Structures are given as structure tokens and as C-alpha cells.
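Architecture and fold: a report
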Amino acid sequence: METIYEPVFITGAANTVAQSIVWFTLNGASSGEQVKTDCVAYALCNHVAVASVPAKQVLFTLRSQQLEDRINAVCHVQHKEDCAYILSAGDTGFVSIWKITFNATLQALEQEFMHCLASEGKSLSSICAIEQNGRLSVVAADTVGSLFLWECDLAGATWQLTRTLRFPTAQMPNSLAIHRLTPFANLLVVGSVDSRVHMYVQ
């Protein structure tokens, strides 16, 4: 039997295109009861809109420190039940990272800008990230065939560009995914424009 879903329209900025959308859920306790909040985050020109799915409205927008930076890709990492990281990659080669938490007392989401990562890339086209053992790994690809890998110790909030990979123009990356293999290793999957998939163990 086919399932039919009701269309949901979330108002955004005028004359912009919603792209690179991610879904995340935050849970919190209020008066002894668990409260679940389903949200989406998506790029709208030079900012990221965070919207409530049940309320069908934008709660707030996240703006990069590079105000003219057009955002091309968005991803998220679930940190805790009541906390997630939202990451964006833009035209000027910067990655912006925000922390979104659910305030059970106020029954509302709160935002906090965490960090801005600079790459040598001209225009970042895709991004992925994963958290493991208190460390956040971020990978971003640009439009000229470069791949940038950062590591952050969340306890000390110290960031380091650990590796840069270069691809030939014919194998330029256009999609990324990262998966936890073991407690100490991640699998990075890179899709390229020549229909190949490249895999690396990090």
C-alpha cells in the first residue's frame, strides 16, 4: 500500500533556493516527561535556516562570519540526545560550525557559534563529519579536486588540518560520506565526477 505524505511548506527567504537539507532530532526532559523535537537545517543563500518540522516554521538562521559567503552544503553530527552540531561549507572556502541544544526549561532550541575553519579551497562543494571518542572529524571537498580533513579535540576545542588530498580534474569529488568502522577508525567514502567511489580508512 502506498503511503501519501502531506506536503509541508516552510517559509524561507525570498528568491532563494533551499538546498543541502539535513534532518536531526533533539530530546530533552521537561516536568519528568521526554520531549522530542524534530528539525531540519538547510542552506538558503548565505545562511542556514533551522526549522521545526511540527511547527512548520523557521526557528532561527545561522550566519557565517563571512557574511558574503554563499553556502553550498550542510551536514550535522548528533553529539548528545539534546545537542547536535550543524556544519556548513561555502564559496569562500570556509567551514562554519554551530552547536544546537534543546533547553528543556524554555522548551526551545538554542544556538552557539563554535568555530570557523579555513581551507585553501576556492569553493567548497560538499561536507561530512563524525564524532568519535571526544574528537570531531570534518571532511570537505572543493570544486577543483581538493579534499580537506580536520580533527578537533572537543575537550580543548583545538582544531588541526590533518591532511589534504588532491584529485585529478577528471576525478573531482562531488559527494562525501563518513562512517564509523571501529572505535578507532572511520571509513571515508568519496564519490567523484567520473562515476567512481574512492574509500579511505581514517
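Scroll up to find the structure.
Predicted model, so just to flag it, every value in this text is computed and none were measured. (Residues numbered from 1 in each chain as written. Predicted model: local features only at pLDDT ≥ 70, side-chain atom pairs only at ≥ 80, totals over all residues. Heavy atoms only, no water.)

**So, the side chain of aspartate 38**
Stated formally: The helix count covers DSSP runs of H or I at least four residues long, the strand count covers runs of E at least two residues long, and both are numbered beginning at the N terminus. Think of it in three bands: with a 1.4 Å probe and only protein chains considered, a residue is buried below 20% of the maximum accessible area for its type, exposed above 50%, and partly exposed in between. Neither His nor the chain termini are counted; the positive set is Lys and Arg, and the negative set is Asp and Glu. Salt bridges are defined as contacts in which a side-chain nitrogen from Lys or Arg sits within 4 Å of a carboxyl oxygen from Asp or Glu. Contact definition: two residues touch when any of their heavy atoms are within 4.5 Å.
Its location among the elements puts aspartate 38 in strand E2 (residues 33–44). In this structure aspartate 38 is buried but unpaired, with lysine 36 as the nearest side chain of opposite charge at 4.1 Å. Setting aside residues up to four positions removed in sequence, aspartate 38 forms contacts with Trp23, Phe24, Thr25, Ala51, Ser52, Val53 and Pro54.

**Quick notes on the pairing of strand E12 (residues 158–166)**
Put simply, the rule is: When DSSP finds two or more bridges between two strands, those strands count as paired.
Relative to E12, strand E11 (residues 146–153) runs antiparallel, the two sharing 8 bridges. Bridge assignment links tryptophan 150 to a residue of E12, and that residue is leucine 161.

**Some words on the packing of aromatic side chains**
Under the convention used in this document: Within 6.5 Å between ring centres, the rings of Phe, Tyr and Trp (the latter by its six-membered ring) count as paired, and their orientation is classed by plane angle as stacked under 30 degrees, edge-to-face over 60, tilted in between.
Using the criterion set out here, one finds 2 aromatic pairs in the structure. Considering the side-chain rings of tryptophan 98 and phenylalanine 113, the 6.1 Å spacing of their centres and the 70° angle between planes classify their relative orientation as edge-to-face. Of this pair, tryptophan 98 sits in strand E7 (residues 94–103) while phenylalanine 113 sits in strand E8 (residues 108–118), and the two are 15 residues apart along the sequence. Of the residues examined, phenylalanine 113 reaches a relative accessible area of 29% and is grouped as partly exposed.

Spatial relationships are all this shows, so hold off on functional conclusions.
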